[in-house]
Amino acid sequence: MKKYSVAVAMVALSMSVFAQKANLKATDNALYEPMDLAEARKNIEPAMTHPETANQAKTFNLAGKTYVLSYKEIAGGSNRADIKNYLLKATDAYLKAWDLDQQPNEKGKVKPAYAKEIKNKLNQLQEYLIGEGGNCYLAKDYKGAFALYTKYMEIPNSPVMAGEPKDTTYNEVYYLAVNSAMLDEDLKKKEAITMMEDFKNVDHKEAPSMYDWLYKAYIENGDTVKAVNTAKEGITKYPSNQYLLANLINLYISSNKVDEALKYLDEAIAKNPKEVQYHIVKGNSLLKAKEYDKAISAFNSVIAIDANNFEAYSGIGAVYMMKGQDLYTEAGKIPVKQKAKYDAAVKTAKAEFEKAVEPLEKAHSIDPKNFNNLQMLRSAYMQLNQGTKADAIQKEMNNLK
């Protein structure tokens, strides 16, 4: 009975092996005219997992062919899911075929049978992956775009392309993959951050912006420690990055760490005293803290470096406007019966508004289309009862809307 059972098992095993070899032949036949790709897929997929054929380069080379031809059959159509899946499966199949094709034979020698064919097909697949990744991106299928772009990136990093330098296309696709991940609600929480941490060190024109994106991502994830460290690293690498500097200082200030913010700015200025953005952000920080005299000093430091700096003149004007508004608010608290005291307080406030006019006008001459500066200048004229000038500024503002 046992001998019979063993015999049956051996026959079954033999038939299974024969079936998988038949599947390979059937797949190959189905790839020629008249082509039957559904039949080819039905035959090749079990062969890819069966122990007797799953370790053969031929199996996965045929699988790659099957999936590429399946993609070509529906390319340009609306079935985006299958288009994406066929390309992903084709790439994986050819990469697996390469690995198996490079294994030594029973004599310990490596004699690849499909190397040239596999490499050619993977070069073609790079183009398809980029193109369909772009189609997914335009369709706002950012997960699909990310999958296709990152699959493209596997090819230049694979042993197939060993020793070949990556061209500029690689970094462009890398950037598109990061961008796709950032636009997807799920991917941006982890995958996007991982990629940006690497891409910030890549030789690409958008690499500096990774610090901005990373800072924002860490803030959204509630990781202020990494946000602060990212900002500091980015500012050190790109001192003129006002976005990072301003956000880092604002983070300190919103956490009631004004002294820490100013300390950081002073350290940065000591290392790079000619970097105007440091002085501008310091001036704005002191303005928010109502340290008016110190703010003016910081903005004057900017003018000493850049005599025509718009932000410095507009900042000084803002200091006087806020100081005047504070004094005017305090004047409003004086009892009506104390008219003389009230009039004196209003006069003091107007004196600050008068001081604001000159730097605001200078800023206006540098950038006549800056809306915020126009608003402040109009407000200063109104406070000084200079209606004609205020009306002229209002017209300029209207023309900008």
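Residues numbered from 1 in each chain as written. Predicted model: local features only at pLDDT ≥ 70, side-chain atom pairs only at ≥ 80, totals over all residues. Heavy atoms only, no water.

**Re the overall build of the protein chain**
Regarding its fold elements, the protein chain presents 18 helices and zero strands. Taken over C-alpha atoms, the radius of gyration comes to 34 Å for the protein chain, far larger than the 21 Å a tight globule of 401 residues would show. With the principal axes as the frame, the protein chain shows a C-alpha extent of 120 × 45 × 40 Å. Looking at the protein chain as a whole, 41% of its 401 residues are labelled buried. (Helix = DSSP H or I, 4+ residues; strand = E, 2+ residues; numbered from the N terminus. Rg over C-alpha atoms; globule rule 2.2 N^0.38 Å. Buried < 20%, exposed > 50% of the residue type's maximum accessible area, 1.4 Å probe, protein only.)

**Focus: the side chain of Lys-151**
Mapped onto the elements of the fold, Lys-151 is located in helix 6 (residues 142–154). Residue classification places Lys-151 among the buried positions, given a relative accessible area of 11%. Other than its neighbours up to four places away in sequence, Lys-151 contacts Leu-88, Thr-91, Asp-92 and Leu-129. (Contact = heavy atoms within 4.5 Å.)

**Looking at the nonpolar core**
Counting residues in hydrophobic clusters, the biggest one holds 105 residues, and the most contacted among them are Leu-122, Leu-125, Met-153, Tyr-174, Met-196, Leu-245 and Ile-249. By residue number, the principal contributor to this core is helix 4 (residues 80–101), which donates 11 residues. Excluding anything up to four places from it in sequence, Leu-245 contacts Ile-235, Tyr-264, Leu-265, Gln-277, Tyr-278 and Val-281. (Core = buried A, V, L, I, M, F, W, Y, C linked by side-chain atoms within 4.5 Å.)

**A short note on unusual backbone geometry**
In this model, Lys-140 sits at a positive phi of 65 degrees, which is unusual for a non-glycine residue. Here Lys-140 is to be found in the loop between helix 5 (115–138) and helix 6. Relative accessible area serves as the criterion here: at 64%, Lys-140 is assigned to the exposed category. The phi angle at Lys-290 is positive, at roughly 60 degrees, despite the residue not being glycine. For Lys-290, the position within the fold is in the loop between helix 13 (276–288) and helix 14 (292–305). Note on Lys-290: relative accessible area 44%, which makes it partly exposed.

**Some points on the packing of helix 15 (residues 310–331) against helix 17 (residues 371–383)**
Close contact between helix 15 and helix 17 brings their axes to 10 Å; oriented N to C, the two are set at 40 degrees. Between helix 15 and helix 17, the interaxial angle falls into the category oblique. Of the two possible hands of crossing, helix 15 and helix 17 adopt the one that is left-handed. The segment helix 15 lies against helix 17, with Phe-310, Ser-314, Ala-318, Met-321 and Gln-325 engaging Asn-373, Met-376, Ser-379, Ala-380 and Gln-383. Residues of the contact of helix 15 with helix 17, tallied by class, amount to five nonpolar, five polar and no charged. (Axes fitted to C-alpha atoms, helices over the stretch in contact; angles between N-to-C directions. Parallel < 35°, antiparallel > 145°, perpendicular 65-115°, else oblique. Left-handed = near helix turned anticlockwise from the far one by under 90°. Nonpolar A, V, L, I, M, F, W, Y, C, P; charged D, E, K, R; others polar.)

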